[in-house]
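Here are the chains, one letter per residue:
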Amino acid sequence: MLRLGVDVGGTFIKAGVVDESCAILHKVSVPTGGDAGFDTSVQHIAHAAELAAQEAGLQVKDLASIGIGIPGLLNPRTGVVVSAPNLSGWQNVPFRDAIQKLLPVPVYVGNDANCAVVGETLAGAAKGYDNVVMLTLGTGVGGGIVADGKLFVGGQGLGAELGHMALQMDGAACGCGMKGCIEAYCSVTALVKQTLRAMEADPSSAMHGYAKEAGLVDGRTAFECSKMGDRAAVEVVEHYCRYLTNAIGSLITAFRPEVVLIGGGLSNQREYLMDKLNALLPQYVFASDLIGVPPIRRATLGNDAGTIGAAFLDRV
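Residues numbered from 1 in each chain as written. Predicted model: local features only at pLDDT ≥ 70, side-chain atom pairs only at ≥ 80, totals over all residues. Heavy atoms only, no water.

S.K.: Can you lay out the environment of methionine 134 for me, pointing to particular residues and giving the numbers?
M.R.: Position of methionine 134 among the secondary structure elements: in strand E9 (residues 132-137). Separated by 73 residues in the primary sequence, methionine 134 and methionine 207 place their C-alpha atoms 30 Å from one another. Look past the residues within four positions of methionine 134 in its chain and what remains in contact with it is Ala116, Val117, Glu120, Gly142, Gly143, Gly144, Leu162, Leu261, Gly263 and Ala299. (Helix = DSSP H or I, 4+ residues; strand = E, 2+ residues; numbered from the N terminus. Contact = heavy atoms within 4.5 Å.)

S.K.: Give me the pattern of salt bridges: which residues, what numbers.
M.R.: Per the stated rule, a full pass over the model turns up 9 salt bridges. Ionic pairing is found between aspartate 314 and arginine 3, a salt bridge with its closest N-O pair at 3.1 Å. Taken as a pair, aspartate 314 in the segment after helix H11 (304-311) and arginine 3 in strand E1 (residues 3-8) lie far apart in primary sequence, 311 residues in all. With relative accessibility at 30%, the residue aspartate 314 sits in the partly exposed group. The structure contains a network of salt bridges with shared partners spanning Arg3, Glu20, Asp314 and Arg315. (Salt bridge = Lys/Arg side-chain N within 4 Å of Asp/Glu carboxyl O. Buried < 20%, exposed > 50% of the residue type's maximum accessible area, 1.4 Å probe, protein only.)

S.K.: Outline the sheet that holds E9, supporting the account with residue identities and numerical values.
M.R.: Across the sheet, which stays open at both edges, the 5 strands sit in the order E11-E10-E9-E12-E13 with mixed pairing between neighbours. One side of each edge strand has no neighbouring strand; the edge strands of this open sheet are strand E11 (150-151) and strand E13 (296-298). Two elements, E9 and strand E12 (residues 259-263), share 5 bridges in a ladder whose sense is parallel. In the strand pairing of E12, threonine 136 is matched with glycine 263. Contacting E9, strand E10 (141-147), E11 and E12, helix H3 (residues 112-123) crosses the sheet at an angle of about 50° to E10. (Pairing = 2+ DSSP bridges. Axes fitted to C-alpha atoms, helices over the stretch in contact; angles between N-to-C directions.)

S.K.: Break down the environment of isoleucine 248 for me, citing the residues and quoting the values.
M.R.: Here isoleucine 248 shows up in helix H8 (residues 231-255). The spacing of isoleucine 248 and arginine 77 is 171 residues in sequence and 28 Å in space, taken between C-alpha atoms. Residues contacting isoleucine 248, with those up to four places away along its chain left out, are Leu135, Val260, Ile262, Leu281 and Ile296.

S.K.: Any details on unusual backbone geometry? Residues and values, ideally.
M.R.: With phi around 50°, aspartate 170 is a residue other than glycine that occupies positive phi space. Relative to the helices and strands, aspartate 170 resides in the loop between E11 and helix H4 (182-186). Unusually for a residue other than glycine, alanine 287 sits at a positive phi of about 60°. Tracing the backbone shows alanine 287 in the loop between helix H9 (270-280) and helix H10 (288-291). Accessibility expressed as a relative area gives 17% for alanine 287, which makes it buried.

S.K.: Give me the lowdown on the packing of aromatic side chains, citing residues and values where you can.
M.R.: Throughout the structure, instances matching the rule amount to 6 aromatic pairs. On the numbers, 5.0 Å between centres and 75° between planes, the contact of phenylalanine 38 with tryptophan 90 is edge-to-face. Residue phenylalanine 38 is found in helix H1 (residues 38-55), and its partner tryptophan 90 is found in the loop between strand E6 (80-83) and strand E7 (91-94); the two are separated by 52 residues along the sequence. Here phenylalanine 38 matches tryptophan 90 in class, with each residue buried. Judged by centre distance (6.3 Å) and plane angle (80°), the rings of phenylalanine 223 and tyrosine 240 are edge-to-face. Pair noted here: phenylalanine 223 is in helix H7 (residues 221-227) and tyrosine 240 is in helix H8, with a separation of 17 residues, a long-range link. Put simply, the rings of Phe38, Trp90 and Phe95 touch in pairs and so form one group of aromatic residues. The side chain of lysine 227 reaches across the aromatic face of tyrosine 272, ending 5.2 Å from its centre. (Phe/Tyr/Trp six-rings, centres within 6.5 Å; stacked < 30°, edge-to-face > 60°. Lys NZ or Arg CZ within 6 Å of the ring centre and 35° of its normal.)

So, in structure tokens, the structure goes:
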């Protein structure tokens, strides 16, 4: 039995034919057309599905189902996307109804971060675990939860927006309009702001030279200079890791997962980041001295996690 998983991004749509062992047999990438409006993006998504099927020597009708991960707030039961900020005109739109008219097999929809945690649980770093929390660290902070072997989506399927849980009362402004969100402290966007403030305060920091050579200040700047022993960079990384472990500790206390996964661009810091987080974690978890803490691990599937997870939305 073959399924199709589609991971919709703000710039590109990734679609892949997935078999029962969670292997992606064929995959394609096409532009999203996110600035062109809802109807155009829907057409592009349908085209990506058709193209991926063709690459596998199939027609869409030969597939068991299609799962689609959307970067936004949506109700997976009704298929209505409440808001997808990176896609123009995607507010309270009946996405599943629209795409189902173009595709002749059952279509399932889900949040892209939820698809990623499903993919990692089925075939990645959390395989074999029934209770998993995952955070994706990029421009924002996405999150997903698997509880007792089932994807947790909450009332109306609108839950598990982990990046918008409060980390600091009345704290830093978040792009969502609230203040103090995890995303406002733990996203790569937030890390860059923290890095820029540290560079301004210390003109002698090695981060200036690193950024000049790289052509920009990004999520790697503080981490790479920290590895070289630059004092200002070390402080940025230490503060960032404390923000992140504080957030993770609260999630562990609430959900008690068996493993916590970190995905997104910052996970490319690999053990340099994971070791710091695991060392700090016990102080932020309730009763850690009595019952221990689960490990924090790097997600392993990369961009394929969302495609694989989307393909199996019919099972979760």
